[in-house]
Amino acid sequence: MGAKRDHAVNRLIFRRARLLDPASGLDATGDLLVEGERIAAVGGDLSAAARDAATVDAEGLCLMPGLVDMRVQLREPGAEHMESIESGGRAAAAGGVTTMVALPNTEPPVDDVSVVEFLARRAREVKLAKVHTYAAATKGLEGRELTEMGLLAANGALGFTDGVKAVADALVMRRVLAYARSFDLLVLQHPEEPSLAGAGEVSEGEIATRLGLAAITPAAEIIMVERDLRLVEITGARYHVAHVSTAAAIAAIRQAKVRGLPVTCDTAPPYFALNETAIGDYRTFAKLSPPLRSEADRQAVIEGLRDGTIDAIASDHAPWDQDSKRLPFSSAAYGIVGLETVLPLSLELYHHRHLDLLGLLRLLTLNPAQILRLPVGRLAVGAPADLVLFDPDLEWLIRPDDFRSKSKNAPFDERLVRGRVERTVVDGRTIFRHDR
Amino acid sequence: MHRGAPEAPFRHRHLLGIEGLSPDDINHVLDLADGYVELNRQAEKKRGLLRGRTIINCFFENSTRTRTSFEVAGKRLGGDVINMSVSASSMVKGETLIDTAMTLNAMHPDVLVVRHPESGAVHLLSEKVDCAVVNAGDGSHEHPTQALLDALTIRRRKGRLGGLTVAICGDVLHSRVARSNIALLNTMGARVRVVAPRTLLPAEIERLGVEVFHDMARGLAGVDIVMMLRLQSERMHGSFVPSTREYFHFFGLDYDKLRLAKPDALIMHPGPMNRGVEIGSEVADDIDRSLIRHQVEMGVAVRMACLEILTRDLGNGPPVP
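Residues numbered from 1 in each chain as written. Chains lettered and ligands numbered in written order. Predicted model: local features only at pLDDT ≥ 70, side-chain atom pairs only at ≥ 80, totals over all residues. Heavy atoms only, no water.

## As for the overall build of chain B
Next up, step 1: On a plain count of helices and strands, chain B comes out with 11 helices and nine strands.
Next up, step 2: The C-alpha atoms of chain B give a radius of gyration of 20 Å, which matches the 20 Å a tight globule of 321 residues would have.
Next up, step 3: Dimensions of chain B, computed from the C-alpha atoms along their principal axes, are close to 55 × 50 × 45 Å.
Next up, step 4: Within chain B, buried positions represent 56% of all 321 residues. (Helix = DSSP H or I, 4+ residues; strand = E, 2+ residues; numbered from the N terminus. Rg over C-alpha atoms; globule rule 2.2 N^0.38 Å. Buried < 20%, exposed > 50% of the residue type's maximum accessible area, 1.4 Å probe, protein only.)

In structure tokens form, the structure reads like this:
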């Protein structure tokens, strides 16, 4: 055995799967062969090549590139009782996410090369989904002084953002964008003008008025986006709007793309799967930032996904323990967990015929990979063997108690969804198999 | 399911808000309270209805008037009333609202009367305890006993609620009193107006069933009741209105503005008043027009009625949550 070690390359073949590759437009039944960490062959009958390969009978199932989740919070370092690289990695694996990018709002924040290196080391040790990180745009996420963006990027930071806070000061944002442009770096913004949002916690309208909750006008989003678009025009930097949720902001981004600005954006499942009525009787699990919006805004998000204005769907995974959510509404933390539900909730867009299957999967794989300039998100020979085998139609009930994530804060409990991950593979290693 | 006697009204376990109460529920409280008004005017005021029952007034926000009113109400009915001021003690030590609820629950109270600065907090607390909960004001959400006492005050003077036109004036944005009154008056068939500068009105307030005015002259024209709201001091100087002087000039109640209402229009205020800010002293103290002191009196009677209703045996069938 020892003598043959060099040749003992891990070989895995998926037989008779419905192969789905948004990058090439492939949607056909066939085999896919993995050798080592890479995809060795795609399509057709590969049984001849598959001798001494582990075989997965994938008949009736879909095989696609692993999900690339461009916005998660993993709480490590600093709040490992809510989530960690490991628990988040298990949640990602169960959700079909093979690559995820963490926000820098940890404790300490990712504003220093040492923290980027720490995260990379932890991800290597844990060896589940691939973990990348953004770095803070400003030191301490305080919105004043630029971080060492060049060095942080050289050490692996994929983009720059102050996480769940907007870079509020226009001059600071201009310098962040201008400096980022010098190194061709990506800047991501939380789209909310904080001086207008004030102490608000839900979207302005009848529901906020009835509940007596402090409200944020939806204009707080478009004001920040339009300001930033002007700054992008001045600087030319690559700019990404995170979790867009309003019709107005989506329209502005649509126009900016027409004008040729280097702008992209994503949204998250709550913004197309829920509207503000989910708050009900002060459900803190439905407290998000940006807040859940009106039905008209939800429809606009779906339209933005349909027409390509919105480039990507991210889980916006924001784990919180009970102590952070079992509080009066205004004291409760913002955000919900999403890694284990992003695929089935996104598939609702397909089942409801808003998008075709390849078009939807592109938003979860190839598009975010391209924005992040990562060589993943495609079923191509030589590409990393990051794969998800799933049944797009299988029905199941979301039960947060079953989540692998340490935190259970999801407003989707008992929601009937369709589409279940059967197996998740990262670099040729199976990191998840459905066992029930 | 077998149903014997006609269903008793008010089959709610808690009183968390006016929202969700029927006209029968409201009339039932008011009818019962009417009787207590008479009792309270006698020399011998004590009843034994709540003997052996424990009522905890749990106030996470300072209040003298409401707390005292509940305390008097509970004691007049013979209950043991304990006052707890939580703002200063446990919240500072990091105890959560749910911890506090569990602690109080373990003492087996029969009624918890709760005031909290955050909207929805009383609702949250009510889910964690076994006893009845009365919302004595939660954030900018509801203050149901205030709306009930206002309704009793109006009904005793005007003989009815339905068909009246009521103008609620001032800081509607932050007012739980306004929300509860809007719900109650609409339920009882009154017409409700709100009058305020736009900075003090929440978005889509008209969806709650009110006519919106930004000018007192129009807003008060032909109304039966003028209900003034308190303007919190932190909102007076530039943040929501430019100054108390300007506010009083345009939105404060004086005889000039009151003249536009019906000749027999009555004035109300939930207290405590800011004299010279939202209401002029001469109007506030006009014994023919101002019901402000009656409101305080009705407050005790209404709270007695609420305590009675929430502690009585619900009989057959489960309570409505």
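## Considerations on the pairing of strand S2 (residues 26-35) of chain A
Residues and elements named next belong to chain A.
Next up, step 1: In terms of strand pairing, strand S1 (residues 11-21) meets S2 through nine bridges, oriented antiparallel. Within S2, the position partnered with Arg 11 by the bridge is Glu 35.
Next up, step 2: What sits between the antiparallel neighbours S1 and S2 is a turn of four residues, in which Gly 25 has the positive phi angle 80°.
Next up, step 3: Pairing analysis gives four bridges linking S2 to strand S3 (residues 38-42), with the strands arranged antiparallel. Within S3, the position partnered with Leu 33 by the bridge is Ala 41. (Pairing = 2+ DSSP bridges.)

## What to know about the nonpolar core
Next up, step 1: Residues Met 100, Leu 305, Ile 313, Leu 343 and Phe 390 of chain A are the most contacted members of the largest nonpolar core, which totals 102 residues.
Next up, step 2: Counting 90 residues, the second largest nonpolar core, distinct from the first, contains Leu 21, Leu 30, Ala 147 and Met 304 of chain B. (Core = buried A, V, L, I, M, F, W, Y, C linked by side-chain atoms within 4.5 Å.)

## Points about helix H2 (residues 65-76) of chain B
Two residues of an α-helix separated by three or four positions point the same way, owing to the 3.6 residues in each turn.
All names here are of chain B.
Next up, step 1: Compared with the 16 Å implied by 1.5 Å per residue over 12 residues, the 16 Å span of H2 between its first and last C-alpha is a close match.
Next up, step 2: Here H2 has its buried residues at Thr 66, Ser 69, Phe 70, Glu 71, Ala 73 and Gly 74.
Next up, step 3: In this fold, the buried residues of H2 make contact with strand S1 (54-59), strand S2 (80-85), strand S3 (111-116), strand S4 (132-138), helix H5 (144-158) and helix H11 (292-311).
Next up, step 4: Remark: Gly 78 follows H2 within two positions and exhibits a positive phi of approximately 85°. (Expected span 1.5 Å × (residues − 1). Contact = heavy atoms within 4.5 Å.)

## Quick word on the sheet that holds strand S6 (residues 191-195) of chain B
All names here are of chain B.
Next up, step 1: Reading across the sheet, the five strands line up as S7-S6-S5-S8-S9 and stay open at both edges, with parallel pairing between neighbours. Looking along the sheet, the strands with just one partner apiece sit at the ends: strand S7 (211-213) and strand S9 (266-268). The average undirected angle you get between the axes of adjacent strands in this sheet is 20°.
Next up, step 2: Sheet topology places strand S8 (residues 225-228) next to S9; three bridges connect them, and they run parallel. The partner of Met 227 across the bridge, within S9, is Met 268.
Next up, step 3: Here helix H6 (residues 176-187) sits on the sheet in contact with strand S5 (165-169), S6 and S8, set at roughly 170° to S5. (Axes fitted to C-alpha atoms, helices over the stretch in contact; angles between N-to-C directions.)

## Some details on the environment of Asn 62 of chain B
Next up, step 1: With respect to the helices and strands, the residue Asn 62 of chain B is situated in the loop between S1 and H2.
Next up, step 2: A sequence separation of 179 residues divides Asn 62 of chain B from Val 241 of chain B, and the C-alpha atoms of the two residues are 24 Å apart.

## Quick look at the pairing of strand S9 (residues 186-189) of chain A
Walk down a regular strand and you will see the side chains alternate between the two sheet faces.
Residue and element names in this part refer to chain A.
Next up, step 1: Because side chains alternate across S9, one face comprises the buried residues Leu 186 and Leu 188, and the other comprises Val 187 and Gln 189, equally buried.
Next up, step 2: Note that S9 and strand S12 (residues 238-241) share four bridges and pair parallel. Each bridged residue has a counterpart across the sheet, and for Leu 188 the counterpart in S12 is His 240.

## Focus: unusual backbone geometry
Residues and elements named next belong to chain A.
Next up, step 1: Along the chain, Glu 76 connects to Pro 77 via a cis peptide bond; the corresponding omega equals 5°.
Next up, step 2: Examined against the element boundaries, Pro 77 turns out to sit in the loop between strand S6 (67-72) and helix H1 (85-95).
Next up, step 3: Residues Glu 107 and Pro 108 are joined by a peptide bond in cis, for which omega reads 0°.
Next up, step 4: The backbone of Arg 16 shows a phi angle near 55°, a positive value even though the residue is not glycine.

## Let's talk about the environment of Ile 207 of chain A
All names here are of chain A.
Next up, step 1: Among the structural elements, Ile 207 can be located in helix H6 (residues 206-211).
Next up, step 2: Of the residues examined, Ile 207 reaches a relative accessible area of 22% and is grouped as partly exposed.
Next up, step 3: Through-space distance from the C-alpha of Ile 207 to that of Gly 140 is 35 Å; in sequence the pair is 67 residues apart.
Next up, step 4: Beyond its immediate chain neighbours, meaning those up to four positions away, Ile 207 contacts Glu 276 and Thr 277.

## With respect to the interface of chain A and chain B
Next up, step 1: On the side of chain B, 22 residues touch chain A, which itself brings 16 residues to the contact.
Next up, step 2: Contact between chain A and chain B buries roughly 1600 Å² in total, counting both sides, with carbon and sulfur atoms accounting for 54%.
Next up, step 3: Among the residues chain A hides against chain B, the three largest losses belong to Thr 209, Arg 210 and Arg 326 of chain A. Together they make up 36% of the total.
Next up, step 4: Run the count over chain A and chain B and you get two salt bridges. (Buried area = accessible area lost by both parts, 1.4 Å probe. Salt bridge = Lys/Arg side-chain N within 4 Å of Asp/Glu carboxyl O.)

## What to know about the packing of aromatic side chains
Residues and elements named next belong to chain A.
Next up, step 1: Inspection of the entire model under this criterion finds two aromatic pairs over all chains.
Next up, step 2: Centroid distance Tyr 179 to Phe 183: 5.1 Å. Interplanar angle 50°. Geometry classified as tilted.
Next up, step 3: Residue Phe 183 is classed as partly exposed on the basis of its relative accessible area, which comes to 43%.
Next up, step 4: Sitting over the ring of Trp 320, Arg 75 keeps its end group 4.2 Å from the ring centre. (Phe/Tyr/Trp six-rings, centres within 6.5 Å; stacked < 30°, edge-to-face > 60°. Lys NZ or Arg CZ within 6 Å of the ring centre and 35° of its normal.)

## Concerning the pattern of salt bridges
Next up, step 1: If you walk through the whole model with that rule in mind, you get 50 salt bridges over all chains.
Next up, step 2: Of the charged contacts in the structure, one is a salt bridge between Asp 316 of chain A and Arg 71 of chain A, with a shortest N-O distance of 2.9 Å. A residue pair is termed long-range when its members are at least 10 positions apart, and Asp 316 of chain A in the loop between strand S14 (312-313) and helix H11 (322-325) and Arg 71 of chain A in strand S6 qualify at 245 residues. Neither residue differs from the other here; Asp 316 of chain A and Arg 71 of chain A are each classed as buried.
Next up, step 3: Between Glu 61 of chain B and Arg 176 of chain B there is a salt bridge; the shortest N-O distance is 2.8 Å. Highlighted residues: Glu 61 of chain B in the loop between S1 and H2 and Arg 176 of chain B in helix H6, separated in sequence by 115 residues.
Next up, step 4: The class for Glu 61 of chain B is partly exposed, based on a relative accessible area of 23%.
Next up, step 5: Look at the salt bridges and you will find they share partners, linking Asp 31, Asp 34, Glu 38, Arg 155 and Arg 156 of chain B into a network.

## Comments concerning the sheet that holds S3 of chain B
Residues and elements named next belong to chain B.
Next up, step 1: Across the sheet, which stays open at both edges, the four strands sit in the order S2-S1-S3-S4 with parallel pairing between neighbours. Where the open sheet ends on each side, the last strands, each with one partner, are S2 and S4. Strand-to-strand, the axes of this sheet are offset by a mean angle of 15°, without reference to chain direction.
Next up, step 2: Here S1 runs beside S2; their pairing, made up of six bridges, is parallel. Within the sheet, the bridge partner assigned to Ile 56 lies in S2 and is Ile 82.
Next up, step 3: Contacts from H2 reach S1, S2, S3 and S4, with the element oriented near 180° to S1.

## Some remarks on the side chain of His 317 of chain A
All names here are of chain A.
Next up, step 1: Among the structural elements, His 317 can be located in the loop between S14 and H11.
Next up, step 2: Separated by 2.9 Å, the side chain of His 317 and the backbone nitrogen of Gly 338 make a polar contact.
Next up, step 3: Contacts of His 317, omitting those with residues within four sequence positions, involve Arg 71, Val 72, Gln 73, Glu 83, Ile 336, Val 337, Gly 338, Leu 339 and Ser 405. (Polar contact = N/O pair within 3.5 Å; in protein donor to acceptor, adjacent residues only side chain to side chain.)

## So, the packing of helix H12 (residues 342-351) of chain A against helix H13 (residues 357-364) of chain A
Residue and element names in this part refer to chain A.
Next up, step 1: Across the interface, H12 lies against H13 with an axial gap of 9 Å and an inter-helix angle of 145°. As for how H12 packs across H13, the hand of that crossing is right-handed. Side by side, H12 and H13 meet where Val 342, Leu 343, Ser 346, Leu 347, Leu 349 and Tyr 350 of the first sit next to Leu 357, Leu 360, Leu 361 and Leu 364 of the second.
Next up, step 2: Here the residues of the contact of H12 with H13 are counted per class, giving nine nonpolar, one polar and no charged. (Left-handed = near helix turned anticlockwise from the far one by under 90°. Nonpolar A, V, L, I, M, F, W, Y, C, P; charged D, E, K, R; others polar.)

## Focus on the environment of Val 241 of chain B
Residue and element names in this part refer to chain B.
Next up, step 1: Inspection of the secondary structure puts Val 241 in the loop between S8 and helix H8 (244-251).
Next up, step 2: A relative accessible area of 3% means that Val 241 is categorised as buried.
Next up, step 3: Separated by 41 residues in sequence, Val 241 and Leu 200 place their C-alpha atoms 8.3 Å apart.
Next up, step 4: Excluding anything up to four places from it in sequence, Val 241 contacts Pro 197, Thr 199, Leu 200, Leu 231, Arg 235, Met 236 and Tyr 247.

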